[in-house]
Amino acid sequence: MTDLRQNTFFRSFFKVFPLILLFVSVFNEFDANYFGVPFLSFNFAYILIFFCTLKAIDHFGYGLIFIAGLINDTVTGLPLGLSSFCYMIICLFSSYFRSITLRPTIMKDWLFFLITISVTNSINYLSLLFYFLINLCFPPQISHSIYLMH
């Protein structure tokens, strides 16, 4: 009986599985509002990019993340390059966090992830508002953020 570590098919599949998951979530614009709760959703691509670049950057290249952002912009109708820019900010934060962390814990990872998402969403909102002159309905986004903190 072959071991999972010796089987090259499973090993290579598990290396590219996060990339497959990223492109599927970007193509589908994955939204986790299956429970019918208003303002309950999350961006799965942000979570995947942050933690995969934090833990295994050798299988998760920056070029592929940039291309995933371009696809996300095409699917959602945002200005081309904005999601790629936000994804690169997440990569920048995760690489910085990986370099300064001596003893990684799940609590530190999630706390830094929340800070990263706050900065990224703020940059995304400000660039849409001031540079592209796109108005967003901000009160539902505030209530969504407050609801997730509870």
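Above this text sits the structure in question.
The present account deals with the structure reproduced in this document.

Looking only at helices and strands, one finds 6 helices and 0 strands in the chain. When the helices and strands of the chain are read in sequence order from the N terminus, they spell out α-α-α-α-α-α. For the chain, the residues scored as buried account for 31% of the 150 residues in total. Counting only contacts in the chain whose residues sit at least 6 apart along the sequence, the fraction spanning at least 24 positions is 62%. Of the roughly 9900 Å² of accessible surface on the chain, a fraction of 72% belongs to carbon and sulfur atoms.

Between helix H3 (residues 62-76) and helix H4 (residues 82-100), whose axes approach to 7 Å, the crossing angle comes to 145°. Like other packed secondary-structure pairs, H3 and H4 cross with a definite hand, here right-handed. Across from Tyr62, Ile65, Phe66, Ala68, Gly69, Leu70, Asn72 and Asp73 in H3, the residues of H4 making contact are Leu82, Ser83, Ser84, Tyr87, Met88, Cys91, Ser95 and Arg98.

Within the secondary structure, Ser127 is located in helix H5 (residues 106-131). The contacts of Ser127, once residues within four sequence positions are left out, are Leu82 and Phe132.

What follows concerns the nonpolar core. Most often, soluble globular proteins have nonpolar side chains that are buried together. Counting residues in each nonpolar core, the largest one holds 24 residues, and the members touching the most others are Leu22, Val26, Ile49, Phe50, Phe60, Ile65 and Tyr87. Residue assignment for this core shows that the elements contributing at least two residues are helix H1 (8-28), helix H2 (44-55), H3, H4 and H5. Apart from the residues lying within four places of it in its own chain, the contact partners of Phe60 are Pro18, Leu19, Leu22, Leu48, Ile49, Cys52, Thr53 and Ile65.

In this section: the environment of Ile65. Of note, Ile65 is situated in helix H3. We classify Ile65 as buried; its relative accessible area is 0%.

As a further point, take the packing of aromatic side chains. One pass over the full model with this rule turns up 9 aromatic pairs. Ring centres of Tyr46 and Tyr87 lie 5.9 Å apart, and the angle between their planes is 90°; on these two criteria the pair is classed as edge-to-face. Here Tyr46, found in helix H2, pairs with Tyr87, found in helix H4; they are 41 residues apart in sequence, far enough to count as distant. A relative accessible area of 2% places Tyr87 in the buried class. Pairing Trp110 with Phe113 gives two aromatic rings, centres 5.2 Å apart and planes at 90°, and the pair type is edge-to-face. With a gap of 3 residues between them, Trp110 and Phe113 both fall in helix H5, about one helical turn apart. Taking relative accessible area as the criterion, Trp110 reaches 37% and is therefore assigned partly exposed. The buried category is assigned to Phe113, whose relative accessible area is 6%. Among the aromatic side chains, those forming a connected cluster through ring pairs are Phe50, Phe51, Phe93, Phe97, Trp110, Phe112 and Phe113.

Criteria and thresholds
- Residues numbered from 1 in each chain as written.
- Predicted model: local features only at pLDDT ≥ 70, side-chain atom pairs only at ≥ 80, totals over all residues.
- Heavy atoms only, no water.
- Helix = DSSP H or I, 4+ residues; strand = E, 2+ residues; numbered from the N terminus.
- Buried < 20%, exposed > 50% of the residue type's maximum accessible area, 1.4 Å probe, protein only.
- Contact = heavy atoms within 4.5 Å.
- Areas by Shrake-Rupley, 256 points an atom, 1.4 Å probe, with all protein chains shown as cover.
- Axes fitted to C-alpha atoms, helices over the stretch in contact; angles between N-to-C directions.
- Left-handed = near helix turned anticlockwise from the far one by under 90°.
- Core = buried A, V, L, I, M, F, W, Y, C linked by side-chain atoms within 4.5 Å.
- Phe/Tyr/Trp six-rings, centres within 6.5 Å; stacked < 30°, edge-to-face > 60°.

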